[in-house]
Amino acid sequence: MSSHGPATPMSAHKSSGLSGEAHVPGDKSISHRSLIFGAMAVGETRVTGLLEGQDVLDTAKAMRSFGADVEKQGDTWVVHGVGVGGFAEPDHVIDCGNSGTGVRLIMGAMATCPIAATFTGDASLNKRPMARVTDPLALFGARSYGRSGGRLPMTIIGAENPVPVTYTTPVPSAQVKSAVLLAGLNAPGQTVVIEREATRDHSERMLAGFGAQIVTEDTDEGHVITLTGQPELKPQTIIVPRDPSSAAFPVCAALITEGSDVLVPNIGLNPTRAGLFYTLQDMGADLTFENMREEGGEPVADLRAKYSPDLKGIEVPAERAASMIDEYPVLSVVAAFAEGKTYMPGVKELRVKESDRIDAMATGLRAAGVDVDEGEDWWTVHGRGFGDVAGGVTVKTHLDHRIAMSFLVMGFATNAPMTVDDSGPISTSFPIFESLMTQLGAKLTQ
Ligand code: S3P
């Protein structure tokens, strides 16, 4: 059962000639962080381009529950922060909805404040592992009481006298890294996070922007990030770039839909996020980066994607996984239309996202006529080439926005329509998906 109301099925029908400009919404990762770091600064942070998806709106509500003032004035979100260590104790349960990023980062932010808070989420979030965050938070002195297996609902009692921590992340996770850094903000001395594989670095960049002392070094052990605790964070003016993970959907739709030529302007190409686009190019996609430039210290480009009838299956380098972890579902759709196999190793983390994304995609792809092999941390899609992917099925989306959007993109090129059992979760990250795709010429029906 979803917690967002009755399920709303949606179907995608064979389309052709997608064209025009696709202005995708603001980056989800950066949007969450803008509100949370803004709430921990002293004074007024102003944010434009914020993603107004449900996940981020739930984080805005949570920040108000901890005492920050968060409101929208015209196009700008204005946050009056309470300062590092200044969170008030909420008098109700914090509901983070569908958002793993929201709940994990907020747990980190409150874990070194002398307050208690109880967290919950929807049926998807309440299944996801939280021990990966509460284990390092315990080292700061925080205590947590959740359901068995470290699941939500969960109460965290923040440390009264937090100590700084040195922590090597056991899984490649920007959420875990960020939770530890956020907790480290209110611990005296230096908190150190070591990650063997680089994950998205938005927290590090934004903390530096807010005036924290934070240094990243490349060593034999991996990335070593050292944060000096108890800074006064200075409020910022933030322009949120557009989300490469949302751009993935119109880009991939254009590649597999006959006669398409779509421009997706202003997409951040931070190397910790852009892996999908290089993978698509390796598969022979007609995907180009136009007008390459730098904005706010991040590489940005306009992406032009054209129908690509000669896609080839490839082995996706395992070391690229972290930089495209949210894009494997839609990549597996593109792979279904390629010639030959696409092998995707090193992707165990896909099993603990909003759904088990390997299982959800493999099940739907097989039902639609595409062979898929899988192991615990790898999967292979056996491409059928264009014109030979049957479709004509209804697939389960398991409260997972990216599963819903991936199968809808698939339906633009399958022989018979693809239907998703519930399109509601799309609003967590890409509320304008339906109107944007329809404007490009894609055929979607409720
Ligand atoms: C995110 C990190 C990623 C990603 C998620 C957003 C973030 O998860 O899947 O959608 O904003 O930090 P990991 O924590 O597994 O890296």
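From a predicted model like this one, the values you see are computed outputs, not experimental measurements. (Residues numbered from 1 in each chain as written. Predicted model: local features only at pLDDT ≥ 70, side-chain atom pairs only at ≥ 80, totals over all residues. Heavy atoms only, no water.)

Let us now look at the UniProt feature "binding site: phosphoenolpyruvate" (unreviewed entry) in the protein chain. Here, the residues flagged by UniProt with the feature "binding site: phosphoenolpyruvate" (unreviewed entry) are Lys 28, Gly 100, Arg 128, Gln 175, Arg 357 and Arg 402. Along the chain, the position of Gln 175 falls in helix H5 (residues 174-185). According to the relative accessible area criterion, Gln 175 is buried, its value standing at 14%. The contacts of Gln 175, once residues within four sequence positions are left out, are Gly 100, Thr 101, Arg 104 and Leu 105. Within polar-contact distance, the side chain of Gln 175 engages the side chain of Thr 101 at 2.8 Å. Following the sequence through the fold, Arg 357 ends up in helix H10 (residues 357-367). (UniProt positions renumbered as here; feature names shortened; annotations may be inferred. Helix = DSSP H or I, 4+ residues; strand = E, 2+ residues; numbered from the N terminus. Buried < 20%, exposed > 50% of the residue type's maximum accessible area, 1.4 Å probe, protein only. Contact = heavy atoms within 4.5 Å. Polar contact = N/O pair within 3.5 Å; in protein donor to acceptor, adjacent residues only side chain to side chain.)

Moving on to the state of the cysteines. According to the stated counting rule, one finds zero disulfides in the structure shown. Of the cysteine sulfurs around Cys 113, a residue in no disulfide, the closest is that of Cys 96, at 15 Å. (Disulfide = S-S within 2.5 Å.)

Right, let's talk about empty space enclosed by the protein for a bit. Scanning the model with the defined rule gives one cavity of 30 Å³ or more in all. Reported here for the largest cavity is a volume of approximately 60 Å³. Considering the residues around the largest cavity, the lining is formed by Asp 27, Ile 30, His 202, Pro 241, Pro 244, Gly 268, Leu 269, Asn 270, Arg 273 and Glu 298. (1 Å grid on protein atoms, 1.4 Å probe; cavity = no way out; pocket = protein on both sides within 12 Å on 5 of 7 lines; lining within 4 Å. Points joined across faces, edges and corners; volume = space filled by probe spheres on them.)

Ordered by their spatial adjacency, four strands build an open sheet running E21-E22-E1-E23, and the pairing between neighbours is mixed. Each edge of the sheet is formed by a strand with only one pairing partner; in this case those strands are strand E21 (391-395) and strand E23 (443-445). Each adjacent strand pair in this sheet contributes to an overall mean axis angle of 20°, direction not counted. By the bridge criterion, three bridges tie strand E1 (residues 10-13) to strand E22 (residues 416-420) in an arrangement that is antiparallel. Of the residues in E22, the one forming a bridge with Ser 11 is Thr 419. (Pairing = 2+ DSSP bridges. Axes fitted to C-alpha atoms, helices over the stretch in contact; angles between N-to-C directions.)

With that out of the way, let us pick up the site of the ligand. Close to the ligand lie Lys 28, Ser 29, Arg 33, Thr 101, Ser 173, Ala 174, Gln 175, Arg 200, Ile 325, Asp 326, Glu 349 and Lys 353, which account for all nearby residues. Contact distances for the ligand include 2.6 Å between an oxygen atom and a side-chain N or O atom of Lys 353. Here the ligand loses 96% of its free accessible area of 390 Å² to cover by the protein chains. Element by element, the count of residues in the shell around the ligand is highest for helix H1 (residues 28-40), at three residues. Classifying every residue of the shell around the ligand by side-chain character gives two nonpolar, four polar and six charged. (Near = heavy atom within 4 Å. Areas by Shrake-Rupley, 256 points an atom, 1.4 Å probe, with all protein chains shown as cover. Nonpolar A, V, L, I, M, F, W, Y, C, P; charged D, E, K, R; others polar.)

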